[in-house]
Amino acid sequence: VLDEVIDNLLQLRAPLGVYLVPGNHDYLDNGPELIRRFRDAGLNILVNQSLVIPHRDCQVLLAGIDFASKPAHLARLVHRTLLNAPPTNGNTVRLLLSHHPDAFDPACRHGVHLTLSGHTHGGQFVIARTNGKRGVIGLGGLAFRYPRGLYRRGHHYLYVTTGVGSWFPLRVRCPAEIALLTLRCAPDTLEDASHP
């Protein structure tokens, strides 16, 4: 099965590259072996690593952290990964890939503009949508602080995809998704946004 997953991932194309981070299910069997096989195949899997990607007149600092479920552990991974990041200029978009969305809290403290996450499956079972803080009443809203969708804190954003996988083969009012986000940069706001 892993060979098939690798073959499918190698088909993905993106102008600035394709990057991955490990999630909890990647560790169910042999996580280190999966990461080694991904790297041997030429896949860009970021495990507590960051890099700078030049793009037009600005740059993207892309960081990716390993899976963790405890907030304190996530905070340590975010801190260590961004502390060891390559130097950047003032015209830099800071992006974090974290399977668990609770990395958003420490990411904000470190000036990350956008955190991309999954893990929650959106809860898979949504009873109702609300205007409240979590946006839904359902399994995801009970289990996770950020169950699905877009969240904003000042100049910092989190997007949590409902993904295409499942804990159990049932989704109610929570369809699977492959999210396509278009980022546009207003250079004069980056400096302000990097200081929470």
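The rules behind the values
Residues numbered from 1 in each chain as written. Predicted model: local features only at pLDDT ≥ 70, side-chain atom pairs only at ≥ 80, totals over all residues. Heavy atoms only, no water. Helix = DSSP H or I, 4+ residues; strand = E, 2+ residues; numbered from the N terminus. Contact = heavy atoms within 4.5 Å. Areas by Shrake-Rupley, 256 points an atom, 1.4 Å probe, with all protein chains shown as cover. Phe/Tyr/Trp six-rings, centres within 6.5 Å; stacked < 30°, edge-to-face > 60°. Buried < 20%, exposed > 50% of the residue type's maximum accessible area, 1.4 Å probe, protein only. Salt bridge = Lys/Arg side-chain N within 4 Å of Asp/Glu carboxyl O. Expected span 1.5 Å × (residues − 1). Arc of directions from axis to C-beta. Axes fitted to C-alpha atoms, helices over the stretch in contact; angles between N-to-C directions. Parallel < 35°, antiparallel > 145°, perpendicular 65-115°, else oblique. Left-handed = near helix turned anticlockwise from the far one by under 90°. Nonpolar A, V, L, I, M, F, W, Y, C, P; charged D, E, K, R; others polar.

Chemist: Mind showing me how you'd approach the overall build of the protein chain here?
Modeler: Summing up its helical and strand segments, the protein chain has six helices and ten strands in all. Long-range contacts, defined here as pairs at least 24 residues apart, represent 58% of the contacts in the protein chain between residues at least 6 apart. By element, 56% of the accessible surface of the protein chain is carried by carbon and sulfur atoms, the whole surface being about 11,200 Å².

Chemist: How do you make sense of the environment of alanine 68 when you look at a structure like this?
Modeler: Mapped onto the secondary structure, alanine 68 falls in the loop between strand S4 (58-64) and helix H3 (71-83). On a C-alpha basis, the gap between alanine 68 and aspartate 102 in space is 9.4 Å, while along the polypeptide they are 34 residues apart. If we skip the residues at most four places from it in the chain, alanine 68 touches His73, Leu74, Leu77 and His100.

Chemist: Help me out: how do you make sense of the packing of aromatic side chains in this one?
Modeler: Aromatic ring pairs are described here by two measures, namely the spacing of the ring centres and the angle between the planes. Per the stated rule, a full pass over the model turns up two aromatic pairs. Summarising the aromatic geometry, the rings of phenylalanine 104 and tyrosine 146 are spaced 5.5 Å apart at their centres and angled 85° between planes, so their arrangement reads as edge-to-face. Of this pair, phenylalanine 104 sits in helix H4 (residues 104-109) while tyrosine 146 sits in the loop between helix H5 (139-143) and strand S9 (149-153), placing them 42 residues apart in sequence. For the pair phenylalanine 104 and tyrosine 146, one class covers both residues: buried. Taking 5.1 Å as the distance between ring centres and 70° as the angle between the ring planes, the aromatic pair formed by tyrosine 146 and tyrosine 151 counts as edge-to-face.

Chemist: Sorry, what's going on with unusual backbone geometry here?
Modeler: Residues other than glycine predominantly adopt negative phi, and peptide bonds predominantly adopt the trans conformation. Its identity is not glycine, yet asparagine 48 carries a phi of approximately 55°, on the positive side. Inspection of the secondary structure assignment puts asparagine 48 in the loop between strand S2 (44-45) and strand S3 (49-55). Residue class for asparagine 48 comes out partly exposed when judged on its relative accessible area of 25%.

Chemist: Mind showing me how you'd approach the pattern of salt bridges here?
Modeler: Note on pairing: side chains with opposite charge can pair once their charged atoms come close. In the structure shown here, the tally under the stated rule is five salt bridges. Here arginine 145 makes a salt bridge to aspartate 105, at a shortest N to O gap of 3.0 Å. Pair noted here: arginine 145 is in the loop between H5 and S9 and aspartate 105 is in helix H4, with a separation of 40 residues, a long-range link. One salt bridge connects arginine 153 with aspartate 105, and the closest N-O pair in it is separated by 2.8 Å.

Chemist: Quick question: what am I supposed to make of H3 here?
Modeler: With 13 residues, H3 extends 18 Å between its outermost C-alpha atoms, agreeing within 8% with the 18 Å of an ideal straight helix rising 1.5 Å per residue. Those residues of H3 that sit buried are Leu74, Leu77, Val78, Thr81 and Leu82. Down the axis of H3, the buried set is contained in an arc of 115°. They therefore lie on one face. Tucked inside the fold, the buried residues of H3 contact S3, S4, strand S5 (92-97) and H4.

Chemist: Just to check I follow, could you spell out the packing of helix H1 (residues 2-9) against helix H2 (residues 31-40) for this structure?
Modeler: Geometry of a packed helix pair, given as the angle between the helix axes and the separation of the axes. Packing of H1 against H2 brings their axes to within 11 Å, and their N-to-C directions diverge by 40°. Put simply, H1 runs oblique to H2. Like other packed secondary-structure pairs, H1 and H2 cross with a definite hand, here right-handed. Contacts between H1 and H2 pair Leu2, Asp3, Val5, Ile6 and Leu9 from the former with Leu34, Arg37 and Phe38 from the latter. Residue composition of the contact of H1 with H2, grouped by class: six nonpolar, no polar and two charged.

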